[in-house]
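Analysis of the macromolecular model
So the chains spell out like this:
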Amino acid sequence: MGILDLFLQSTSSISLLGGLVVLLLFYLVFSSSFSSKEDRKEPPGPKPLPLFGNLLQLDLKRPHLTLLKLSKKYGSVFTVYLGPKKVVVLAGYKTVKEALVNHAEEFGERDPMPIMHEYNRGHGKERKEKYIFLKHCLILFSLQLCIKHILLNHSGILWSNGDSWKEMKHFALTNLRDFGMGRKASEDKIIEECDHLIGVLKKFKGQSKYLSIITNYVSKDLTFFPVSLVTGEAFDTTQPIKYAVCNIICSMVYGSRFEYDDPEFTSLVDCISARVHLLGSTSIQVYYIFVKLLISSFLRLGAASIRQNLQLFSRLKETLNPQMCRGFVDAFLVRKQNHFHDENLMITVQNLFSAGTDASAITLRWGLLLMAKYPKIQDQVQEEVSREIGSRQVQVEDRKNLHFTNAVIHETQRLATIVVSIPHKTTQDVTFQGYVIKKVRLNKTHNIKSFKFRYCPQGTAVTPLLTSVLYDESEWERPHSFYPAHFLDKDGKFVKREAFMPFSAGHRACPGESLARMELFIFFTTLLQHFRFTPPPGVSEDELDLTPHVGFTLDPLPHKLCAAPVHEEEEGLRI
Ligand code: HEM
């Protein structure tokens, strides 16, 4: 062995040893700071590593499942560190409800995700100036700069706090109600949209590959007879359902719907979905370090959506009649005080679109996938629909007679648990279930450029784990199975369950719940009234995968289904 080799070997051993010593010191310093005496009463949790926190203990593809497991070990209130960021997790129905409802004020703020925080970090220009700047930027095509400037403040509903959030949420709730949310007007809009959706799904029957004989219940007197149906071409349910659901928000926000092949509309919807998708990517959720790399794609998508909305707003402004508001945007434009500025209009509209389209559309897609996977349950739904409604138009009023169908929709929402959690934060030091949850305070040394300032804003982040409520073993008989009987009494009548909380609760509860519930009922029931959903040819029911794709929401994995028309009079296919 040459002297050089020896030297290299000893140098690398020394540097390795040195590295280990540094890491050990680092670990000791950090772990003592993570668990100082002062913190003893803080919620327990797995020991974090410096910088990485508990990231290495999380299954990053299914973080919600790891959190469920940790709740079994550490209890219903525990702490995890996502990198350097401390997060208190609340698990189980009783704990989540107690925090969000009984301690609504203390747990009621939103903890903006790092990417939102990155947007919102700013230098206090006047709003008007920023908006003018935005217009200039648009002209100059400097889209990234535009968005940075338009999002300097916490605007809109979803990611904002304080007075602006209060005013925007109240305004959205009252105005969307005025434009039909949860009422007859929105029922009519959903019914009209169902017709368009049915028309689109019917187009997929053209190149049928094979005929299947299924037992179908089409007669009112419950005589079962086989019907020959063209199973149709397998299609991806994503876009038609998303377009249909988005059109309901469009008619309330802009006062009009769009055709599914209108490029302005399709790019608006696709852009919103892409942003939600990116927002939910593991890298953004967990690896704060990579935020900078991803932010430019996020900004680009945001810019496209802003540009489209600006065009729509300017068309609405040109034809605005304050005496006759067509939708939410008109109502906003005629109010010109306090928080009713262009920036809030833009972000609130974007929030309504992203929150209002994706969640309902994804739930519907889960519903259809579950029907294809469990044909006997689909039989029962179709039998009930046929018996109670026949071929007339489904109405929201029918919900009280369609006990089984209603139970299936609720069970779909429970099992799919599509919103795992949207982060909250504490507004003050809170004593909760015997633990002290301290508000993270920033001192002057945390200047605007520091890592901690950007990713650990004031207040402790709190994750009310809705999945743990919807899968709570002390509340649900079969938490991990598709079991509509969770929502039925012994006489087969629909029963509400307290632990059914997919829309969350308390101050930040979903303002779109009544609209979403109406959409889910009318779209789902109408689709099952008209179509039989089956796996694509060559795929068995068992092969349909119910593993979710984990992002901002839990979506079904990409899949295709066949939709076979069930009505004789519609298709003339009965034999
Ligand atoms: C099946 C459909 C839906 C589900 C499961 C759902 C679920 C949720 C959940 C869990 C939250 C967070 C609550 C929290 O932070 O504790 C939320 C917030 C929100 N949702 Fe929904 N939602 C749905 C449909 C809608 C619709 C149709 C709209 C619009 C009309 C909407 C608008 C919003 C908004 C604006 C927020 C933010 C509220 C705030 O931060 O104060 N959602 N939703």
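For the structure, check the block above.
Every value quoted in this text rests on a predicted model; they were computed, and no experiment measured them. (Residues numbered from 1 in each chain as written. Predicted model: local features only at pLDDT ≥ 70, side-chain atom pairs only at ≥ 80, totals over all residues. Heavy atoms only, no water.)

1. Regarding the coordination of the iron atom of the ligand
From the protein, the iron atom of the ligand takes a single donor atom, C510 (SG), 2.3 Å away. If you trace the backbone, C510 turns up in the loop between α18 (466–470) and α19 (513–530). (Donors = N, O, S within 2.8 Å, 3.2 Å for Na, K, Ca; no water. Helix = DSSP H or I, 4+ residues; strand = E, 2+ residues; numbered from the N terminus.)

2. Quick word on the nonpolar core
For soluble globular proteins, nonpolar side chains are generally found buried alongside one another. Core analysis: the biggest nonpolar cluster contains 133 residues, and Y254 and F353 have the highest contact counts within it. By residue number, the principal contributor to this core is helix α14 (residues 342–373), which donates 15 residues. (Core = buried A, V, L, I, M, F, W, Y, C linked by side-chain atoms within 4.5 Å. Buried < 20%, exposed > 50% of the residue type's maximum accessible area, 1.4 Å probe, protein only.)

3. Considering the sheet that holds strand β11 (residues 531–534)
Overall, antiparallel pairing links the 3 strands, which are arranged β6-β14-β11 in an open sheet. At either margin of the open sheet sits one strand with a lone partner, and together these are β6 (235–236) and β11. Its contacts with the sheet place α14 against β6, β11 and β14 (560–565), and it is angled at close to 75° to β11. (Pairing = 2+ DSSP bridges. Contact = heavy atoms within 4.5 Å. Axes fitted to C-alpha atoms, helices over the stretch in contact; angles between N-to-C directions.)

4. Regarding the environment of F258
Within the secondary structure, F258 sits in the loop between α9 (238–253) and α10 (263–279). Linking F258 and T174, residues 84 residues apart in sequence, is a C-alpha distance of 24 Å. In this structure, F258 is in contact with N247, C250, E264, F265 and L312, ignoring residues within four places of it in sequence.

5. A short note on the state of the cysteines
Tallied over the full model, the rule gives 0 disulfides. You can see C246 has no disulfide; the closest cysteine sulfur is in C250, sitting 4.2 Å from it. With a relative accessible area of 0%, C246 lands in the buried category. (Disulfide = S-S within 2.5 Å.)

6. Details of the pattern of salt bridges
With the rule as written, the count across this model stands at 18 salt bridges. Note that D398 and R392 form a salt bridge whose closest N and O atoms lie 2.8 Å from each other. Judged by relative accessible area, D398 falls into the buried class, the value being 5%. A salt bridge links E411 to R414; the shortest N-O distance between them is 2.9 Å. One end of the pair, E411, and the other, R414, are both in helix α16 (residues 403–416), 3 residues apart, so they sit about a helical turn from each other. R414 shares its class with E411; the two are buried. One connected set of salt bridges, linked through shared partners, spans E193, R257 and E259. (Salt bridge = Lys/Arg side-chain N within 4 Å of Asp/Glu carboxyl O.)

None of this, on its own, says anything about what the molecule does.
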